[in-house]
Amino acid sequence: MSKVAIVTGSAGGLGKGIAERLCSDGFSVVVHDINEQLLNETVNEFKNKGYDVIGVKGDVSKRNDQFNLVKKGVEKFGHLDVFVNNAGIDAVSPFLEITEEQLNKLFSINVNGVVFGTQAAAEQFISQKSKGKIINACSIAGHESYEMLGTYSATKHAVKSFTHSAAKELAKYQITVNAYCPGVAKTKMWDRIDEEMVKYSDDLKPGEAFEKFSSEIALGRYQTPEDVANLVSFLASDDADYITGQAILTDGGLVYR
């Protein structure tokens, strides 16, 4: 019987890379996104590669959606082994221009979504009386707070904290909770960050914010989705059974903690 994983926000970006890697590892995977068109395209692409997947549309900021996501996955595949809280969004603004709307939106998706996903997955693991793995999307911004990314950094610090507290409370059920902390990747999210940084700067040209961040990476190149998926693949495997409560940096040498 194949293992089953759910990956939120996995129709594109790093989440898609993670979902595809878990598929190639032999998992049956529930692909999830709020963008229905992109979700359907990704599911069809994966099915054409012979992967065992279904797509579920949902909004991670809604608790009921997260529990429905687990329910749909279990209805299709019979059980659950791994839940990846990958979905997240960013925002770029000077600290003095952080709005109520920005705070509410980022925290509802990046933080509330992780809490609700963790609760839904943990309840399923407990009810099926099995071990389970919950893997959260943190960030280098969960270890270091960046200018112009104040709200995003705060949400990722919160994800790290919830990873620690959930790991402590769920260990008695043999449920591990860890987080992966990506750095600078050439994704649509980083394209947006670069674009916004340019808007607020007098001397940055398009592409320069990305270049500035990526030039500081010790290994000399920006990150690919595969780099992140490699870590998630390990954390999802039996080899990681004795690891819990960790927020592991996968950034090529950018932040050292």
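Residues numbered from 1 in each chain as written. Predicted model: local features only at pLDDT ≥ 70, side-chain atom pairs only at ≥ 80, totals over all residues. Heavy atoms only, no water.

Remarks on the UniProt feature "binding site: NAD(+)" (unreviewed entry) in the protein
Stage number 1. Here the UniProt feature "binding site: NAD(+)" (unreviewed entry) sits at D33, D59, V60, N86, Y152, K156, P182, G183, V184, A185, K186 and T187. The greatest C-alpha distance among the residues just named is 25.3 Å, and with 155 residues of sequence between them they are spread in space as well.
Stage number 2. As for its position among the elements, D33 is in strand β2 (residues 28-33).
Stage number 3. Setting aside anything within four residues of it in sequence, one finds D33 in contact with G9, S10, A11, G12, L39, V56, K57 and G58.
Stage number 4. Separated by 3.2 Å, the side chain of D33 and the backbone nitrogen of A11 make a polar contact.
Stage number 5. Within the secondary structure, V60 is located in the loop between β3 (53-57) and α3 (63-77).
Stage number 6. For V60, the residues in contact, after removing those within four places along its chain, are T8, H32, Q66, A87, I109, G113 and F116. (UniProt positions renumbered as here; feature names shortened; annotations may be inferred. Helix = DSSP H or I, 4+ residues; strand = E, 2+ residues; numbered from the N terminus. Contact = heavy atoms within 4.5 Å. Polar contact = N/O pair within 3.5 Å; in protein donor to acceptor, adjacent residues only side chain to side chain.)

What about the packing of helix α1 (residues 13-24) against helix α2 (residues 36-48)?
Stage number 1. Contact geometry for α1 and α2: axes closest at 12 Å, N-to-C directions at 25°. Considered as vectors, α1 and α2 are oriented roughly parallel to each other. When you trace α1 past α2, the crossing you get is right-handed. Only T42, E45 and F46 of α2 make contact with α1, whose side of the interface consists of K16, A19, E20 and C23.
Stage number 2. Its residues assigned to classes, the contact of α1 with α2 comprises three nonpolar, one polar and three charged. (Axes fitted to C-alpha atoms, helices over the stretch in contact; angles between N-to-C directions. Parallel < 35°, antiparallel > 145°, perpendicular 65-115°, else oblique. Left-handed = near helix turned anticlockwise from the far one by under 90°. Nonpolar A, V, L, I, M, F, W, Y, C, P; charged D, E, K, R; others polar.)

Here's the deal with the pairing of β3
Stage number 1. Bridge analysis of β2 against β3 gives five bridges, and the strand direction is parallel. Looking across to β3, one finds that H32 is bridged to V56.
Stage number 2. Regarding the hand of the β-α-β motif, the stretch spanning β2, α2 and β3 is right-handed. (Pairing = 2+ DSSP bridges. Right-handed = clockwise from strand over helix to strand, strands pointing away.)

Focus: the pattern of salt bridges
Stage number 1. One pass over the structure, following the stated rule, counts 12 salt bridges.
Stage number 2. Residue D241 pairs with K133 through a salt bridge whose shortest N-O separation is 2.6 Å. Pair noted here: D241 is in the loop between α8 (225-236) and β7 (247-250) and K133 is in strand β5 (residues 132-137), with a separation of 108 residues, a long-range link.
Stage number 3. Of the residues examined, D241 reaches a relative accessible area of 35% and is grouped as partly exposed.
Stage number 4. On the basis of relative accessibility, which here comes to 4%, the residue K133 falls in the buried class.
Stage number 5. Where R257 meets E144, a salt bridge forms, and the shortest distance between an N and an O atom there is 2.4 Å. (Salt bridge = Lys/Arg side-chain N within 4 Å of Asp/Glu carboxyl O. Buried < 20%, exposed > 50% of the residue type's maximum accessible area, 1.4 Å probe, protein only.)

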